[in-house]
Amino acid sequence: MDFWSRLIGGSRSLSTKSYRATSPTERLTAFKRTCNTLQQIWRSSNSPSGDQAATAHARNCIERLNSVLADESRGPAPHPCLAYASSSQIFVTVTKLALSSYDDGMLRSATIFFNTLIDAEVDGVVDNRLFARALVDLVRRADKRSEEIEGRLVELLFGVANNIRLQPNILPAWFMPRSPDGQDGERQTTTGKEFAGETRKDDFPLFYLLVEYVHHEGRAGDFARTGLLYLIETASRSKHLERWLIESDLATLMATGLGALYSQLGSLSFATDEENVPHIIALSDHAKQETAIPPYLGAPMNSFMSYLLFWQDTIDHCKSAEVNATLLDHFQVLFLEQLLYPSLLESSDVEGGSTAAVLTYLYRVLDSIEQHDLVHRILHFLLASPDQPVKSLDMSVSRRKSLDVLAAFSEEAARPSPSLFNLKDLALLGLQSMNRQTILATLRLLNIVLQRHPSFARSLIRTISGQPSKQRTVGALNAELGNLLSMATSIVDDPTLNESYENYLKDASYILESRLCIPVNEENIEDDRPLELRLDDPIVRELLSCLETFFTNSVVVNLALTETLMSIASSHLVSLDGWLLVDPSKYEYPTEITPSVDAMAQVILAYQEPTWSSANTPALASVLQDLVQQIQNWRKEMPDFDILVAARRDLLHQEGESTPAPNTPRQASGTPSSERQQTRSLLWEADFSSPRGRTSRPLENSASPSSQRGAADSPLRDSIRVPPSRESSTSRAVAAEELRKRLARPFHFGEPSKNNSANEDPDETANEPVEENPDEAIADERPHSASLGHVLTNVVILYEFLLELSAMAQVRGSLFEEAGYPGVEKEAE
């Protein structure tokens, strides 16, 4: 309540100069006199709004009452003035004067008066039906031209809801349900017309007033949403209120309100802010394109997400299982079946922006909500998981009626079913698209489902039922890790490899341990052990196909792609066998491991590293080997390729660091050749004057140890340099300009004769654009060429990805016990 105390504290701070009496008796006498004056003002004129003097006089009287009550409430009991305000029912007169005056000052004073009475918790006030009627009339009929007045009025409703939550015995003063008669039968005859709920504003006007403001922003919306949560929470302690909430149109109003806000969401928009573009993207070919930055969804998305989070809070706070089930049923029928799924189905323009927009909306929804029941309803429906029969045991009559009406309405609507086209089908179309926005939105959606909601991993990525992962030997795991790490070290010779790898191991441990904390409670999961991946899964095939064009892909796409693959690799429901690591049954050992020897011999044999034929190379490892081989070919054609890669990696690791001191020496065991030192220095200068106008900051003052990288075959260490002469400065500037042109030069693929860009004439190709038509580049995500600088950035991303995969496989081997000593275990048995 600390937040709400601060929120509502300001409303009572407004009071006029205190009217003080010398004793409680004098205070009560003065209070009665002021109440009588208000009665006289009301009786003398039924329309004070036309008499400014009467309005001012009435406002002063109410402020005097507020001052007296404020003084009294700060003192010890008894509180005679508060008791008199209750018994005299002066609040009725205050409401009449406030409504007839049309004066903001009068309304403000009236809200303070009512707030004081609510907070005083005096008998005969909040539990008084006449008080309830007066307050409801004030809020319902008051002129709410001012946001401040609106917020104060809704604050009164919140105060009452809070009192009801704390003292459910006062509920009858505000909640007066009609006694059951022939109404139920009448409602059944209108099935499909009044849709699973009937508006009953006279039964619970406080409830409907709060519902009117739940969509509002600011104080009014905050008070209304919290007050409504308190009333729904009270349903678990009142059977009458619980039944009323099930039979009323609460669920209908909430679901249709959410749908209305969803319908207002427009297309994606992008506002480029060059200062905030990540360095890794700023150095790529697509830095100025829309997909380099997250989409801006604007105020409509904020309103929709606020209301969705209110749904989440409602399900969490409601202690009544039947009310919760009713809300979730309406959420599915009115929102999921009638709005969200049709929008996914209709967004078939995978080459345009509609699919990207809808997938982005769904990604934001699944990224924001954590309430299990809501997530389960969304993904269970959109992925066409088999429905579980609803248990009718111990179900109330009201709940059965609600389900019958919903079922009839759903059949009458005749909406398409996800059993024919579900979220997985849409994701497959998105990955096959040539539109980069669509690909990115699809990858982000896949990633958020796999990371945040891993229980649905097998609904997206198919596994082989009954084929759990097999335990490999320690030697086999070492061989697999050696294969992955050898590919990484063949790309970059990093002197800080051990430190970098330790960081990846820590990250992998944290991720996998967090996965184990998530309970697997999906009904359709029969085996919670890691199962082998189906290599013919269409989504997996598309991910691998996208990986094959890694070097020409957008940097943003590659970052999302590698994150998605890592999410699959970290899933505790998916085995690494067959797609990242070799199936243990395909290993070839020089000595067969049998349980017939002693335990020590088995340990020795378990450490033997197996081999495997190229035909048994896993699908992902095979693509990675092809990419690494392509890098090896470029290394042969470009003598300084290692230097360029190492320097580009330095640039990518220095984002956010301070500007260097150019002549700062580095302590090192060795000094690189003058050619390498000059090339690296030119690379720094080339990026200082990048076309985007961003100042690069070098490595020397980096606070992060992982950013102290080396180049080529040994750590790149600069010796103390002598300030260059004018002639050398001019030469360096010319060389730097030529290097900039070289990095921006198209680096063609599939034509070996053009790969050796070191031998091309810089004057002929320096100004040649990498992509002649940016629009066409967005439409076609998989071009056949990129600049040399862009390729170097993607080479660095591939290197880090290989380290990340290796660390994940190693941690899984120990944490999930996917590697061990099979022979020793057999003998122990």
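For the structure itself, look to the data block above.
Read on for an overview of the structure. What you are looking at is a predicted structure, and each value in this text was computed from that prediction instead of being measured.

**Re the overall build of the protein**
Here is step 1: Broken down by element type, the protein carries 36 helices and six strands.
Here is step 2: Counting across all 829 residues of the protein, residues that qualify as buried make up 54%.
Here is step 3: Contacts in the protein between residues far apart in sequence, at least 24 positions, make up 82% of those at least 6 positions apart.
Here is step 4: Within the structure as shown, the protein displays about 36,500 Å² of accessible surface, and the carbon and sulfur contribution to it stands at 49%.

**Some thoughts on the nonpolar core**
Here is step 1: If you look at the biggest cluster of nonpolar residues, it comprises 209 residues, and the most contacted ones within it are Phe 113, Phe 114, Leu 135, Trp 174, Phe 204, Phe 207 and Phe 304.
Here is step 2: Residue contributions to this core peak at 16 residues, all from helix α35 (residues 788–815).
Here is step 3: Residues from two domains meet in this core; each of domain 1 (24–178 + 198–423) and domain 2 (461–653 + 787–820) gives at least three.
Here is step 4: Dropping the residues within four chain positions of it, Phe 113 is found in contact with Ile 62, Leu 65, Asn 66, Leu 69, Ile 90, Phe 91 and Val 94.
Here is step 5: Residues Ala 476, Ala 479, Val 582 and Trp 612 belong to the second largest nonpolar core, which totals five residues.

**Some thoughts on the pattern of salt bridges**
Side chains that differ in charge, positive against negative, can pair when their charged atoms come close.
Here is step 1: Enumeration over the complete set of coordinates arrives at 24 salt bridges.
Here is step 2: The salt bridge partner of Arg 462 is Asp 537, with a shortest N-O separation of 3.3 Å. Of this pair, Arg 462 sits in the loop between α22 (457–460) and β1 (463–468) while Asp 537 is found in the loop between β3 (531–533) and α25 (538–548), placing the two residues 75 residues apart along the sequence.
Here is step 3: Judged by relative accessible area, Asp 537 falls into the buried class, the value being 0%.
Here is step 4: For Glu 800, the salt bridge goes to Arg 649, with nearest N and O atoms at 3.0 Å. Separated by 151 residues along the polypeptide, Glu 800 in helix α35 and Arg 649 in helix α29 (residues 641–653) bring together distant segments of the chain.

**Considerations on helix α4 (residues 80–88)**
Here is step 1: Residues of α4 that are buried include every one of Cys 81, Leu 82, Ala 85 and Ser 86, and no others. Each buried residue of α4 sits inside an arc of 140° when the element is viewed along its axis, so together they form one side.
Here is step 2: Against the buried residues of α4 lie α2 (24–44), α3 (52–74), α5 (90–101) and α6 (104–120).

**Thoughts on the environment of Asp 143**
Here is step 1: By secondary structure assignment, the location of Asp 143 is in the loop between α7 (129–141) and α8 (147–166).
Here is step 2: A C-alpha to C-alpha distance of 8.7 Å links Asp 143 and Leu 107, two positions 36 residues apart in sequence.
Here is step 3: When sequence neighbours within four positions are dropped, the list of residues in contact with Asp 143 reads Leu 107 and Ile 149.
Here is step 4: Only 2.8 Å separates the side chain of Asp 143 from the side chain of Arg 145, close enough to count as a polar contact.

**A short note on unusual backbone geometry**
Here is step 1: For Tyr 102, which is not a glycine, the phi torsion comes out positive at approximately 55°.
Here is step 2: Topologically, Tyr 102 is positioned in the loop between α5 and α6.
Here is step 3: With a phi angle near 55°, Glu 817 is a residue other than glycine that sits in the positive phi range.
Here is step 4: Checked against the element boundaries, Glu 817 lands in the loop between α35 and β6 (819–820).

**Digging into the environment of Ala 508**
Here is step 1: Along the polypeptide, Ala 508 turns up in helix α24 (residues 497–516).
Here is step 2: It is 8.8 Å that separates the C-alpha atoms of Ala 508 and Ala 809, two residues lying 301 residues apart in sequence.
Here is step 3: Leave out the neighbours within four places in its chain, and Ala 508 touches Ala 807, Met 808 and Val 811.

**What about the packing of aromatic side chains?**
Here is step 1: Overall, the coordinates contain 27 aromatic pairs when judged by the stated rule.
Here is step 2: Summarising the aromatic geometry, the rings of Tyr 262 and Tyr 361 are spaced 6.2 Å apart at their centres and angled 80° between planes, so their arrangement reads as edge-to-face. With Tyr 262 in helix α13 (residues 250–263) and Tyr 361 in helix α17 (residues 354–368), this residue pair connects regions lying 99 residues apart in the sequence.
Here is step 3: In textbook terms, an aromatic cluster arises when at least three aromatic residues are bridged by ring pairs, as seen for Tyr 262, Phe 304, Trp 311, Phe 331, Phe 335 and Tyr 361.
Here is step 4: Here Arg 165 stacks its cationic end above the ring of Tyr 230, 4.1 Å away from the centre of that ring.

**Digging into the side chain of Arg 377**
Here is step 1: Summarising the element assignment, Arg 377 is placed in helix α18 (residues 372–382).
Here is step 2: Separated by 3.4 Å, the side chain of Arg 377 and the backbone oxygen of Leu 328 make a polar contact.
Here is step 3: Only 3.2 Å separates the side chain of Arg 377 from the side chain of Asp 329, close enough to count as a polar contact.
Here is step 4: Excluding residues within four positions of it along the chain, Arg 377 makes contact with Ala 325, Leu 328, Asp 329, Gln 332 and Leu 336.

**Points about α24**
Here is step 1: If you check α24, its first and last C-alpha atoms are 29 Å apart, about what 20 residues at 1.5 Å a residue would give, namely 28 Å.
Here is step 2: Those residues of α24 that fall on the buried side of the exposure criterion are Ser 500, Tyr 501, Tyr 504, Leu 505, Ala 508, Leu 512 and Arg 515. Buried residues in α24, looked at end-on, bunch into an arc of 140°, giving them a common side. Residues of α24 that are exposed and point more than 90 degrees away from the buried face comprise Lys 506 and Tyr 510.
Here is step 3: Of the surrounding secondary structure, the elements contacted by the buried residues of α24 are α21 (436–452), α23 (474–489), α29 and α35.

Rules of the game
- Residues numbered from 1 in each chain as written.
- Predicted model: local features only at pLDDT ≥ 70, side-chain atom pairs only at ≥ 80, totals over all residues.
- Heavy atoms only, no water.
- Helix = DSSP H or I, 4+ residues; strand = E, 2+ residues; numbered from the N terminus.
- Buried < 20%, exposed > 50% of the residue type's maximum accessible area, 1.4 Å probe, protein only.
- Contact = heavy atoms within 4.5 Å.
- Areas by Shrake-Rupley, 256 points an atom, 1.4 Å probe, with all protein chains shown as cover.
- Core = buried A, V, L, I, M, F, W, Y, C linked by side-chain atoms within 4.5 Å.
- Domains from an automatic or database assignment.
- Salt bridge = Lys/Arg side-chain N within 4 Å of Asp/Glu carboxyl O.
- Arc of directions from axis to C-beta.
- Polar contact = N/O pair within 3.5 Å; in protein donor to acceptor, adjacent residues only side chain to side chain.
- Phe/Tyr/Trp six-rings, centres within 6.5 Å; stacked < 30°, edge-to-face > 60°.
- Lys NZ or Arg CZ within 6 Å of the ring centre and 35° of its normal.
- Expected span 1.5 Å × (residues − 1).

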